[in-house]
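Residue-level structural notes
Chain by chain, the residues run as shown.
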Amino acid sequence: MVEVRARRLTEEGVRRFSSYLEQLRQGTDAPRPDELVEDPTCTEPVPCETTFDSERTFATRYELGCYVRDRLQVCGGPEREETITEPAFWAWLAALWFDQICPRDPETGVRSLARIDNYVPVELLTGSALGRSSGDAWGRHVIRTSWLLVERYDGLVDFVLSNPPHRRGELTEQLLGRADLPLCPTAVEAFALLYRTKDGKPKPGAAGKGPGTARRFALIVRQLMRTYDVHAMTPERLLELLPEEFDRFRPRGGQAKA
Amino acid sequence: MTSRNLNFTGRVRIERDHFEMALAERVPPQLDVRRVDLTDLELPGHWAVFLEGRARDWFHREELGTVAEPRTGRMDLPPETFAGGRLPRWRLLVVDVDDEFRRIAAMAEGVRLGAEATAAQGRTSLLPVEPADLGALPWRLAVDSNGFVLFVNDRLPAAKDLPGRPEVAAWLLPAVLREVLLQLRLRQDTIDEDVRREWLQLATSLAGPSPDETAEDEEEWLDWVDQVVWSFAAKHELVDGLLRTVEAEE
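Notes on the structure in this doc start here. Each chain carries its own residue numbering, running from 1 in the written order of its sequence. Just so you know, chain letters begin at A and ligand numbers begin at 1, following the order they were written in. At least 70 in pLDDT is required for a residue's local features to be given in this predicted model, at least 80 for side-chain atom pairs to be given and counted, and no such filter applies to totals for whole chains, interfaces and linings, which use all residues. The basis for every side-chain value is the complete set of heavy atoms in the structure, and neither hydrogens nor water enter the calculation.

All right, on to helix 2 (residues 166-186) of chain B then. Residue and element names in this part refer to chain B. Here helix 2 spans 30 Å end to end across 21 residues, near enough to the 30 Å set by a 1.5 Å rise per residue. Of all the bends in helix 2, the largest measures some 35° and sits at L172, one to four residues before the proline P174. Within helix 2 the residues assigned to the buried category are A169, A170, L172, P174, V176, L177, V180, L181, Q183, L184 and R185. In DSSP terms, a helix is any run of H or I states spanning at least four residues, a strand is any run of E spanning at least two, and both are numbered starting from the N terminus. Helix span is expected to be 1.5 Å times the residue number reduced by one. Working definition for bend: take the seven residues up to and ending at a residue and the seven starting at it, fit an axis to each, and measure the angle between the axes. With a 1.4 Å probe rolled over the protein chains alone, any residue whose accessible area is under 20% of its type maximum counts as buried; one over 50% counts as exposed, and the rest are partly exposed.

Residue and element names in this part refer to chain A. Note on terminology: a nonpolar core comprises buried Ala, Val, Leu, Ile, Met, Phe, Trp, Tyr and Cys residues joined through side-chain atoms within 4.5 Å. The biggest cluster of nonpolar side chains holds 41 residues, and the ones touching the most others in it are F17, F52, V68, L93, W97 and I143. At the level of secondary structure, the elements contributing two or more residues to this core comprise helix 1 (11-25), helix 2 (35-38), helix 3 (61-72), helix 5 (87-96), helix 6 (98-101) and helix 7 (142-153). It is helix 5 that contributes the most residues to this core, eight residues altogether. Contacts are assigned to residue pairs with any non-hydrogen atoms lying within 4.5 Å of each other. Look past the residues within four positions of F17 in its chain and what remains in contact with it is L9, L36, A91, A94, A95, F98, Y119 and V120. Core analysis: the second largest hydrophobic core is formed by 38 residues, C66, L176, L224 and M225 among them.

Residues and elements named next belong to chain A. Working convention: axes come from line fits to C-alpha atoms, limited for helices to the stretch in contact. Angles between N-to-C directions cover 0 to 180 degrees. Where helix 3 meets helix 7, the axes come as close as 8 Å, and the angle between the chain directions of the two elements is 75°. The orientation of helix 3 relative to helix 7 falls into the category roughly perpendicular. Residues R61, Y62, L64, G65, C66, V68, R69 and L72 of helix 3 form the contact with helix 7, whose participating residues are V142, I143, T145, S146, W147, V150 and E151. Considered class by class, the residues forming the contact of helix 3 with helix 7 number nine nonpolar, three polar and three charged. When describing relative orientation, an angle under 35 degrees is termed roughly parallel and one over 145 degrees roughly antiparallel, while 65 to 115 degrees is termed roughly perpendicular and anything else oblique. Charged means Asp, Glu, Lys or Arg here, nonpolar means Ala, Val, Leu, Ile, Met, Phe, Trp, Tyr, Cys or Pro, and polar covers whatever is left, Gly included.

On to the side chain of N118 of chain A. Residue and element names in this part refer to chain A. With respect to the helices and strands, the residue N118 is situated in the loop between helix 6 and helix 7. Given the relative accessible area of 5%, N118 is considered buried. If near-sequence neighbours (up to four positions away) are discounted, N118 is found in contact with R140, H141 and V142.

What follows covers the sheet that holds strand 6 (residues 73-76) of chain B. Residue and element names in this part refer to chain B. Two strands qualify as a pair provided that DSSP identifies no fewer than 2 bridges between them. Reading across the sheet, the three strands line up as 2-3-6 and stay open at both edges, with antiparallel pairing between neighbours. The two strands at the open ends of the sheet, each matched to only one other strand, are strand 2 (19-24) and strand 6. Neighbour to neighbour, the strand axes of the sheet diverge by 20° on average, direction disregarded. Two elements, strand 2 and strand 3 (residues 30-36), share six bridges in a ladder whose sense is antiparallel. Within strand 3, the residue paired with F19 across the bridge is V36.

Along the chain, L176 of chain A falls in helix 8 (residues 170-176). A C-alpha to C-alpha distance of 9.4 Å links L176 of chain A and A218 of chain A, two positions 42 residues apart in sequence.

Residue and element names in this part refer to chain A. Pairs of cysteine sulfur atoms within 2.5 Å are identified as disulfides in what follows. Scanning the model with the defined rule gives one disulfide over all chains in all. The disulfide that involves C48 links it to C75, with 1.9 Å between the sulfurs. Between C48 and C75, the S-S torsion sits near -90°, and that sign places the bridge as left-handed. Residue C48 is located in the loop between strand 3 (43-45) and strand 4 (51-53), and its partner C75 is located in the loop between helix 3 and helix 4 (77-84); the two are separated by 27 residues in the primary sequence.

What follows covers the side chain of E62 of chain B. Residue and element names in this part refer to chain B. Position of E62 relative to the elements: it lies in strand 5 (residues 58-66). E62 gets classed as buried once you look at its relative accessible area, which sits at 10%. Apart from the residues within four sequence positions on either side, E62 is in contact with L31, V49, F50, L51, R71, M75, D76 and L77.

Residue and element names in this part refer to chain A. Paired rings are identified among Phe, Tyr and Trp, the last through its six-membered ring, by centres lying within 6.5 Å, and are further divided according to the angle between planes into stacked (under 30 degrees), edge-to-face (over 60) and tilted (the rest). Inspection of the entire model under this criterion finds 22 aromatic pairs over all chains. Both rings, one in Y67 and one in W97, keep their centres 5.8 Å apart while their planes meet at 65°; by these two values the pair is edge-to-face. In this pair, Y67 sits in helix 3 while W97 sits in the loop between helix 5 and helix 6, placing the two residues 30 residues apart along the sequence. The pair Y67 / W97 is uniform in exposure class, with both members buried. On the numbers, 5.1 Å between centres and 65° between planes, the contact of Y195 with F249 is edge-to-face. Within this pair, whereas Y195 is found in helix 9 (residues 185-195), its partner F249 is found in the segment after helix 11 (235-241), the two being separated by 54 residues in sequence.

Opposite charge on two side chains makes pairing possible when the charged atoms of those side chains draw close. One speaks of a salt bridge when a side-chain nitrogen belonging to Lys or Arg is within 4 Å of a carboxyl oxygen belonging to Asp or Glu. Overall, the coordinates contain 36 salt bridges over all chains when judged by the stated rule. Measuring nitrogen to oxygen at the nearest pair gives 3.5 Å for the salt bridge that ties R197 of chain B to E109 of chain B. Here R197 of chain B is found in helix 3 (residues 193-207), whereas its partner E109 of chain B is found in strand 8 (residues 104-111), with 88 residues between them in sequence. Classification of E109 of chain B by relative accessible area gives partly exposed; the value is 22%. A network of salt bridges, in which partner residues are shared, links D229 of chain A together with E52, R61, R91 and R102 of chain B.

Pasting the structure below:
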């Protein structure tokens, strides 16, 4: 266990991290630069005086989100707010655990790099080739999105975050890809009622493109939100509004409204 | 068993002159509702009025009383309303509380308040142009919750002004407009409603109303996009502008 005081990347740190990621993308392999962890040129402390274990390993994104949430609970008020809304803090965490969120393939030794905004929050990339690149509601940052979902919905989203940290997964894609969904507890609870098994795993067939899938849920609920006051409904009520194609995922006893 | 109609559009539009409200960036931030007058909408007086604000990772809902007795005055907003440079988008809505599914009976979307309004006023173009490090790419279109942005490679001299030059506009702008309209179709479930509405208004003014975005058949949409792009090029005389530049150089 190596506890490191919470920090954020400085402008120079963001530049070096982005440059390192660009090198990886072009096929040049190298270990993550050590200065991205505690070097004062590349990092500086955040207001929230907490620590993170740099050697901690996470089996799933849910475990990762829970750990970050618990560590941030030691501070409150403006210190906490200033820390969690600081994109460079999330970039620092990504650098801290980079070997986990972008691991080497055990057979080939090659890292499978995702889009850069999985590691450096998109707000820090404006003006670069990858800035402002998608309509994703909460961005794609591996750690920030995992933490946000856990922070707001806790165990309700364990099935969404059941992938290892380096894999985003279709359910995350659908839940976070639509601006309105992750901000609406009714929609997230209905999502869980439809697609979560009792032991916190995704139901078979929930991913994909067919009728009744999470992709269709996101599309249809977004339309419903423009017609009904979904925020004030119970999740069961929202399920009643969904068409028949969702019947195969509906909890027993739940049927579409006539 | 049949499902309810998902495309219900019997909603009344709330106009900007139906209300007067502003945001104050103080601690805690406040919402100042000076006036809400929905009487001419002829809605039942007991239906509920709400103001909803949302940003990338933030949502807030303020109860504003009823149609007959709207709540006015200063209201504290959550302390984190403007944290991290957030600029929430707002919508005002009236909910039919007699409907078992709480139908939205009236709505004003894209309401801009306080700092947002200032930012919006500063934005004079539907398509801001920003120089950026694009590597080998001359230009790139991107979209976020504030709308589409045209990035132009910052290695090009006067990159910000390039798209306005006739010899560039003729080749660039039709392609950009086509991409915007295709993205509206492809990303219909992710692009912000206000952004979508602004672009569709422009396109509709050029080539009439768009086909149904959710229809399986994409051909109709593609045909309509062709018409919009053609009308845009004709309206702005892109070929003539290019021709004049070419002739002047010869």
